[in-house]
Amino acid sequence: MSVASSLGLSPRVQIAPSLLAADFGHLADAVRAVEASGAEVVHLDVMDGVFVPNISYGAPVIKAVRPLTTLPFMAHLMIEAPERYVETFRELGCDEILVHEEASPHLHRTLQMIRHSGARAGVALNVHTPLNVLEWVKDLLDSVLVMTVNPGFGGQAFIAEMLPKIEAARRMLGPDVDIVVDGGIDASTAPRVVAAGANVLVAGTSVFAHPDGVSAGVAALRSGG
């Protein structure tokens, strides 16, 4: 029996296409395509070129696309000192804000700030980061994002060694905290992470580069084929 089944989790998972993989020349069309696909969440990878070796986009882009959809926005802040920007991203209309444990030295306070802003609060963990860093902030968590690649770039290969970490996260946090996975998620890896206990799948390349379009990419993730 899978971890997900043993805990009574619904087989229905949420798909969160990452705009990092979209055509930035047609970003409005990409956002509308995500909504039309039946995906549940828009995932925003915010990178500062310091915490990770890449720069993606920030407040002006999010402000521009927020009116284009009613889907919730999940902001994954791959930035140093994310606590400085919690209010900014909340004011931009982000419904969930995830910060990296490795980038926030006062993680408990940062999660309190996110909750106080009215957003859902989540923690992202790099590949090497152990789950025990969550022990004393569990009560403030709405979600935990398990990186299944090293953060900073899209299109990387899935790190299969993270499957036991996903299982351990689900056992540690129970059925009420979302387990998000991010990195190398496609039709072949999606069933494996769901069986391990994940219920939110972040996918960029497999959705936006699908030969039959965004809706087909989302459908492939749901069907595992």
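Summarised in this report is the structure supplied together with it. (Residues numbered from 1 in each chain as written. Predicted model: local features only at pLDDT ≥ 70, side-chain atom pairs only at ≥ 80, totals over all residues. Heavy atoms only, no water.)

Moving on to the packing of aromatic side chains. Taken as a whole, this structure holds 1 aromatic pair when the rule is applied. Summarising the aromatic geometry, the rings of Phe24 and Tyr57 are spaced 5.7 Å apart at their centres and angled 50° between planes, so their arrangement reads as tilted. Here the residue Phe24 occupies a position in the loop between β1 (14-17) and α2 (27-37), and Tyr57 occupies one in the loop between β2 (42-47) and α3 (59-65), the gap between them amounting to 33 residues. Take Phe24: its relative accessible area is 42%, and that puts it in the partly exposed class. Above the plane of the ring of Phe73 lies Arg66, whose end atom (NZ or CZ) is 3.8 Å from the centre. (Phe/Tyr/Trp six-rings, centres within 6.5 Å; stacked < 30°, edge-to-face > 60°. Helix = DSSP H or I, 4+ residues; strand = E, 2+ residues; numbered from the N terminus. Buried < 20%, exposed > 50% of the residue type's maximum accessible area, 1.4 Å probe, protein only. Lys NZ or Arg CZ within 6 Å of the ring centre and 35° of its normal.)

Let us look at the pairing of strand β6 (residues 143-147). Strand residues, when the strand is regular, have side chains that alternate between the two faces of the sheet. Along β6, 5 of the 5 residues are buried, which leaves the element largely enclosed by surrounding structure. Every second residue of β6 is oriented toward a common face, with Ser143, Leu145 and Met147 on one face and Val144 and Val146 on the other, all of them buried. Judged from the 4 bridges that link them, strand β5 (residues 120-125) and β6 form a sheet pairing that is parallel. Looking across to β6, one finds that Leu125 is bridged to Val146. When β6 meets strand β7 (residues 178-182), the two strands line up parallel, connected through 5 bridges. Each residue of the ladder has a partner; that of Met147, found in β7, is Asp182. Taken together, β6, helix α6 (residues 163-173) and β7 constitute a β-α-β crossover, and its handedness is right-handed. (Pairing = 2+ DSSP bridges. Right-handed = clockwise from strand over helix to strand, strands pointing away.)

The values reported here are purely geometric and, on their own, carry no functional implication.
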